[in-house]
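Coordinate analysis (summary)
Here is what each chain is made of, one letter per residue.
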Amino acid sequence: MTAHDMAPDNSKRRHRHEGKQKHIIAFIFSIVLTLIAFVTVASVGEVNPTFTVILLLVMAVLQVVIQMSYWMHMKDKGHVLPIVFMIGGVIIAFTAIVMSVYWVWW
Amino acid sequence: MSAPAHHVDDQWPHEPEKATLEGRNKVIGFWLFLGGEAVLFGTLFATFLALRNQIGDGPSAAELFKLPMIATVTAILLVSSLTSVFAIQAMHRKEVKAMLNWLIVTVILGFCFLGMEIYEFVEYVHEGHTFTTSAFSSSFYTLVGFHGAHVAFGVAWISILIAQVRKKGLNLVTAPKVYVSAIYWHFIDVVWVFIFTVVYLMGKVG
């Protein structure tokens, strides 16, 4: 490192890597969505439960999509099979959830 | 054009985890496993959603859960997910020391999460919320405990990987392992997003 400190030339030859920035932005989005969820429950949770639950689920899905796209790299190219596997898993999981809620509550 | 001293750096591919067939297979196979994990947690969520109001003689979710505690463990897991992203970015640049440090931070945060979860469960048991108290308590401990077991497994796994990279170095064999463990860790965080939403926050709402 010390013997070859030729920064400009070196940086040109190396691969281009993504910076920390977009991951920190994803992190800030996650924090904000989490905060919205907690504050909503603490403030209007008992006044308007239906609205709160819908908002909570929207916040959760948004946060999961952001984390999977950026942190799990699912938005990068070459991720067709991972998306197929995950959507397949989610469809089966969602079916199980809808079925058991329907069974018990209707 | 390329000085011999930089030979190793130039050999390090853009995505070392996918530079070999074995690495690519490992990543694809792991995604298939995560699809199965999504089904596993989905069915546990289904059970919990069906049974969450059957509290019998035990305390209800709204009585048990404390928001500051849940917010703290959520923050811990969220930060640990970010530090494991930083570990993978360091791995892509072949900065072994930085990668190991970020992994160590991730493991420490994982231990903090586990410690708080154990404390939380002990407190619930003292308040009369044991595994066999009600259908709600059984499905709660199964779902959240299963997630906790995944965190414990991840902590052990990443710790072993840290030891292995220290011993064998970062190369095209060890890089896919580190990458896959980070994907696993993010998945654990993603599951936690649904747990704090569906179990804790919706439990508070009623």
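The name given to chain B in an unreviewed UniProt entry is Cytochrome (Ubi)quinol oxidase subunit III, and the organism recorded there is Paenibacillus profundus. Check the Subcellular location (unreviewed entry) section of the UniProt entry for chain B; it says "Cell membrane". In its Sequence similarities (unreviewed entry) section, the UniProt entry covering chain B states "Belongs to the cytochrome c oxidase subunit 3 family."

The name recorded for chain A in an unreviewed UniProt entry is Cytochrome C oxidase subunit IV family protein, from Paenibacillus profundus. Annotation of chain A in UniProt includes, under Sequence similarities (unreviewed entry), the sentence "Belongs to the cytochrome c oxidase bacterial subunit 4 family."

Attention shifts here to the overall build of chain B. For chain B, the count of helices and strands is seven helices and zero strands. Per-residue burial over chain B gives 54% buried out of 206 residues. A separation of at least 24 residues holds for 81% of the contacts in chain B among residues at least 6 apart in sequence. For chain B, the exposed surface amounts to about 8200 Å²; the carbon and sulfur share of it is 68%. Of the charged side chains in chain B, 13 are positive and 14 negative; the average position of the first set lies 10 Å away from that of the second.

Here we come to the UniProt feature "transmembrane region" (unreviewed entry) in chain A. Residues and elements named next belong to chain A. Those residues carrying the UniProt feature "transmembrane region" (unreviewed entry) are residues 24-45, 51-71 and 83-105 in this numbering. Here residues 24-45 is 95% helix and 0% strand, with 30 Å between the C-alpha atoms at its ends. Along residues 51-71, the helical share is 95% and the strand share 0%, with 30 Å between the first and last C-alpha atoms.

All right, on to the confidence of the model for chain B then. The share of residues in chain B with pLDDT of 70 or more is 95%, and the mean pLDDT across the chain is 93. Low pLDDT, under 50, characterises residues 1-7 of chain B; the predicted model gives this stretch eight contacts beyond four residues in sequence or across chains.

If you look at the interface, chain B gives 56 residues, while chain A gives 51 residues. Summing both partners gives a buried area of about 4700 Å² for chain B against chain A, and 76% of it is carried by carbon and sulfur. In this assembly, chain B and chain A are joined by zero salt bridges. Inspection of the region where chain B meets chain A yields four residue pairs in polar contact (both at pLDDT 80 or more). Counting only elements with at least two residues in the side of chain B that touches chain A, the list comes to helix H1 (7-11), helix H2 (21-51), helix H4 (67-92) and helix H7 (174-205) of chain B. Partitioning the side of chain B that touches chain A into residue classes produces 35 nonpolar, 15 polar and six charged.

The rules behind each value
Residues numbered from 1 in each chain as written. Chains lettered and ligands numbered in written order. Predicted model: local features only at pLDDT ≥ 70, side-chain atom pairs only at ≥ 80, totals over all residues. Heavy atoms only, no water. UniProt positions renumbered as here; feature names shortened; annotations may be inferred. Helix = DSSP H or I, 4+ residues; strand = E, 2+ residues; numbered from the N terminus. Buried < 20%, exposed > 50% of the residue type's maximum accessible area, 1.4 Å probe, protein only. Contact = heavy atoms within 4.5 Å. Areas by Shrake-Rupley, 256 points an atom, 1.4 Å probe, with all protein chains shown as cover. Lys, Arg positive; Asp, Glu negative; His and termini not counted. Charge placed at Lys NZ, Arg CZ, Asp CG, Glu CD. pLDDT = per-residue confidence, 0-100. Buried area = accessible area lost by both parts, 1.4 Å probe. Salt bridge = Lys/Arg side-chain N within 4 Å of Asp/Glu carboxyl O. Polar contact = N/O pair within 3.5 Å; in protein donor to acceptor, adjacent residues only side chain to side chain. Nonpolar A, V, L, I, M, F, W, Y, C, P; charged D, E, K, R; others polar.

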